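# What the coordinates show
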Amino acid sequence: SCGLHNIVYITFRRIYINRLTAGSFWCINIVMAFRKLKNIELQLFLEIVKMEIEQVGFIGCGNIADAIIGGMVGSGYIKSEKILAYDLDGAKAFRLSATYGVAAAKSAADVVNNCKYVFLTIKPQVYEAVLDEISGFVTSAHCLVDVAAGVTTDYVKKQIGWDCKVIRVMPN
């Protein structure tokens, strides 16, 4: 397992979710998570982000994707042009594009082909179909980030068809 994956796991494990008072929108405040990291962890993470993250992808553009992207872009640690998003409902991807300046992908396979880190921010009931669609495109260079409750990393690996890199993130 690559050290970057451990750093990403540590970082996202420490993310706090704040509920905004206006409506049901959830916002992940990555800056607060970074403040909780030890200085050496933070410096190492920032160096890795600068050197290794070429493109981050999101399959699914609902509230969780919105919150994570908002935290990434708002914190300034990942620029919006390094984020690619896809949703079956094109209007959701367009909304994220208009809000944060991220690029909208044409398909889930397009996200995997262009991104090393792919967040699976989809409902658990569509995991099987999405994983079947992307399984032929996932390589050893990819890291999938599983965000759905009730979907295990073993399930993701089984659906992809081999022991790929999967990080589990529980944002609640």
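Before reading further, recall that the structure is shown in the block above.
This text gives an overview of the structure that appears in the document. (Residues numbered from 1 in each chain as written. Predicted model: local features only at pLDDT ≥ 70, side-chain atom pairs only at ≥ 80, totals over all residues. Heavy atoms only, no water.)

### Remarks on the sheet that holds strand E7 (residues 143-146)
- Ordered in space as E5-E4-E3-E6-E7-E8, the six strands form an open sheet in which the pairing is parallel. The open sheet has two free edges, formed respectively by strand E5 (103-104) and strand E8 (165-168), since each of these has just one partner strand.
- Alignment of E7 against E8, held across four bridges, turns out to be parallel. For Cys143, the partnering residue across the bridge sits in E8 and is Lys165.
- Along the sheet, helix H4 (residues 63-75) makes contact with strand E3 (56-59), strand E4 (83-86) and strand E6 (117-120), crossing E3 at roughly 160 degrees.
- This element, helix H8 (residues 153-160), spans E6, E7 and E8 of the sheet and lies at about 150 degrees to E8. (Pairing = 2+ DSSP bridges. Helix = DSSP H or I, 4+ residues; strand = E, 2+ residues; numbered from the N terminus. Contact = heavy atoms within 4.5 Å. Axes fitted to C-alpha atoms, helices over the stretch in contact; angles between N-to-C directions.)

### Observations concerning the side chain of Ser75
- With respect to the element layout, Ser75 can be found in helix H4.
- Only 3.0 Å separates the side chain of Ser75 from the backbone oxygen of Gly71, close enough to count as a polar contact.
- Of the polar contacts made by the side chain of Ser75, one reaches the backbone oxygen of Met72; its length is 3.0 Å. (Polar contact = N/O pair within 3.5 Å; in protein donor to acceptor, adjacent residues only side chain to side chain.)

### Some details on the nonpolar core
- Ranked by size, the top nonpolar core spans 23 residues in total, and within it Ile59, Leu120, Ile134, Leu144 and Val156 carry the most contacts.
- Those elements giving two or more residues to this core turn out to be E4, helix H6 (108-114), E6, helix H7 (127-134) and H8.
- Among the elements that take part in this core, H7 stands out by supplying four residues, more than any other.
- Setting aside residues up to four positions removed in sequence, Val156 forms contacts with Leu120, Tyr127, Leu131, Leu144, Asp146, Val151 and Val166. (Core = buried A, V, L, I, M, F, W, Y, C linked by side-chain atoms within 4.5 Å. Buried < 20%, exposed > 50% of the residue type's maximum accessible area, 1.4 Å probe, protein only.)

### Side note on the packing of H7 against H8
- Between H7 and H8, whose axes approach to 8 Å, the crossing angle comes to 45 degrees. By the criterion of interaxial angle, the relationship of H7 to H8 is oblique. Helix-helix and strand crossings are classified by hand; for H7 and H8 the assignment is right-handed. For the pair H7 and H8, the contacting residues are Tyr127, Glu128, Leu131, Asp132 and Ile134 in the first and Tyr155, Val156, Gln159 and Ile160 in the second.
- The residue inventory of the contact of H7 with H8, partitioned by class, reads six nonpolar, one polar and two charged. (Parallel < 35°, antiparallel > 145°, perpendicular 65-115°, else oblique. Left-handed = near helix turned anticlockwise from the far one by under 90°. Nonpolar A, V, L, I, M, F, W, Y, C, P; charged D, E, K, R; others polar.)

### Here's the deal with the packing of aromatic side chains
- Scanning the model with the defined rule gives one aromatic pair in all.
- Arranged with centres 4.6 Å apart and planes meeting at 10 degrees, the rings of Phe58 and Phe119 form a pair that is stacked. With Phe58 in strand E3 and Phe119 in strand E6, this residue pair connects regions lying 61 residues apart in the sequence.
- In this structure Phe119 comes out as buried when scored by relative accessible area, which is 3%. (Phe/Tyr/Trp six-rings, centres within 6.5 Å; stacked < 30°, edge-to-face > 60°.)

### Points about the packing of H4 against helix H5 (residues 90-100)
- For the pair H4 and H5, interaxial distance at closest approach is 11 Å and the crossing angle is 20 degrees. Judged by the angle between their axes, H4 and H5 are roughly parallel. Crossing of H4 over H5 shows right-handed handedness. The segment H4 lies against H5, with Ala65, Asp66, Ile69, Gly70 and Val73 engaging Arg95, Leu96 and Tyr100.
- Considered class by class, the residues forming the contact of H4 with H5 number five nonpolar, one polar and two charged.

### Some thoughts on the pairing of E3
- The side-chain alternation of E3 yields two buried faces, one formed by Val56 and Phe58 and the other by Gly57 and Ile59.
- Pairing between E3 and E4: four bridges, direction parallel. Along E4, the bridge assignment pairs Ile59 with Tyr86.
- Where the polypeptide runs from E3 across H4 and back to E4, its parallel neighbour, the crossover connection is right-handed.
- Bridge analysis of E3 against E6 gives four bridges, and the strand direction is parallel. Within E6, the position partnered with Ile59 by the bridge is Leu120. (Right-handed = clockwise from strand over helix to strand, strands pointing away.)

Just geometry here; none of it tells us what the structure is for.
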